[in-house]
Amino acid sequence: MGVMDTTGGHAEWTFPADPGAVRAARGLVRRQLRGWGLDHVGDLAALLVSELVTNALRHATGPIGVRLVRPGPSDGTLLVEVSDPVPDPPRERAARPEDESGRGLQLLASTTRRWGTRPGETGKTVWFELAVPKEPEMPR
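A closer look at the overall build of the protein chain
Counting secondary structure elements, the protein chain contains three helices and six strands. Counting helices and strands in the order they occur from the N terminus, the protein chain gives β-β-α-α-β-β-α-β-β. Scored against the burial criterion, the 140 residues of the protein chain give a buried share of 38%. Intrachain contacts of the protein chain at a sequence separation of at least 6 include 56% that bridge at least 24 residues.

See below:
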């Protein structure tokens with residue numbers, strides 16, 4: 001796992017395509033969001049990153065990237081991106097109750113503000129946005 005950058009308004013990591021990537025990505029996402037004071041979206045962001053990294057592992061043999069972009073003062077949106085070297089976009093499918101997989105994109109669609117995919121130079125990026133409500137100020 002390589003840490004590319006965790007300064008300023010974004011954090012970025014690259015993971016090898018092995019099963020340990022899911023746990024590592026989940027932990028780093030939670031830790032980074034805690035550091036930014038965004039604990040209240042940490043669990044959901046970590047869950048969605050786990051789903052996307054797991055999906056990437058099913059198809060990719062190369063590195064998987066995870067990138068967080070901190071909300072700006074005016075937009076209140078956390079951007080999360082998961083990249084892999086496979087150019088084919090993920091396909092949503094209807095999971096049956098007995099299926100052990102196939103719910104990641106449904107979860108993404110139902111819990112995020114927006115999500116999508118875009119092609120990259122060597123693969124694709126799946127991204128999503130989470131609304132980050134402003135913390136209420138404590139009365140003085």
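Focus on the confidence of the model for the protein chain
When pLDDT is averaged along the protein chain, the result is 83, and 80% of the positions lie at 70 or above. Averaged pLDDT values over the elements of the protein chain bottom out at 54 in strand β1 (residues 2–5) and peak at 96 in strand β3 (residues 64–69).

Thoughts on the nonpolar core
Ranked by size, the top nonpolar core spans 30 residues in total, and within it Leu33, Val53, Val66 and Leu78 carry the most contacts. Counting only elements with at least two residues in this core, the list comes to β2 (10–15), α1 (20–35), α2 (39–59), β3, β4 (77–84), α3 (104–111) and β6 (124–131). Considering every element that reaches this core, the biggest residue donor is α2, with seven residues. Apart from residues no more than four positions distant in its own chain, Leu33 is found in contact with Leu38, Asp39, Val41, Gly42, Ala45, Leu68 and Leu78.

Quick look at the side chain of Thr125
In this fold, Thr125 is placed in strand β6. With relative accessibility at 8%, the residue Thr125 sits in the buried group. There is a polar contact of 2.8 Å between the side chain of Thr125 and the side chain of Ser83. Once residues within four sequence positions are removed from consideration, Thr125 is found in contact with Glu81, Val82, Ser83, Gly116, Thr117 and Arg118.

About the cut-offs
Residues numbered from 1 in each chain as written. Predicted model: local features only at pLDDT ≥ 70, side-chain atom pairs only at ≥ 80, totals over all residues. Heavy atoms only, no water. Helix = DSSP H or I, 4+ residues; strand = E, 2+ residues; numbered from the N terminus. Buried < 20%, exposed > 50% of the residue type's maximum accessible area, 1.4 Å probe, protein only. Contact = heavy atoms within 4.5 Å. pLDDT = per-residue confidence, 0-100. Core = buried A, V, L, I, M, F, W, Y, C linked by side-chain atoms within 4.5 Å. Polar contact = N/O pair within 3.5 Å; in protein donor to acceptor, adjacent residues only side chain to side chain.

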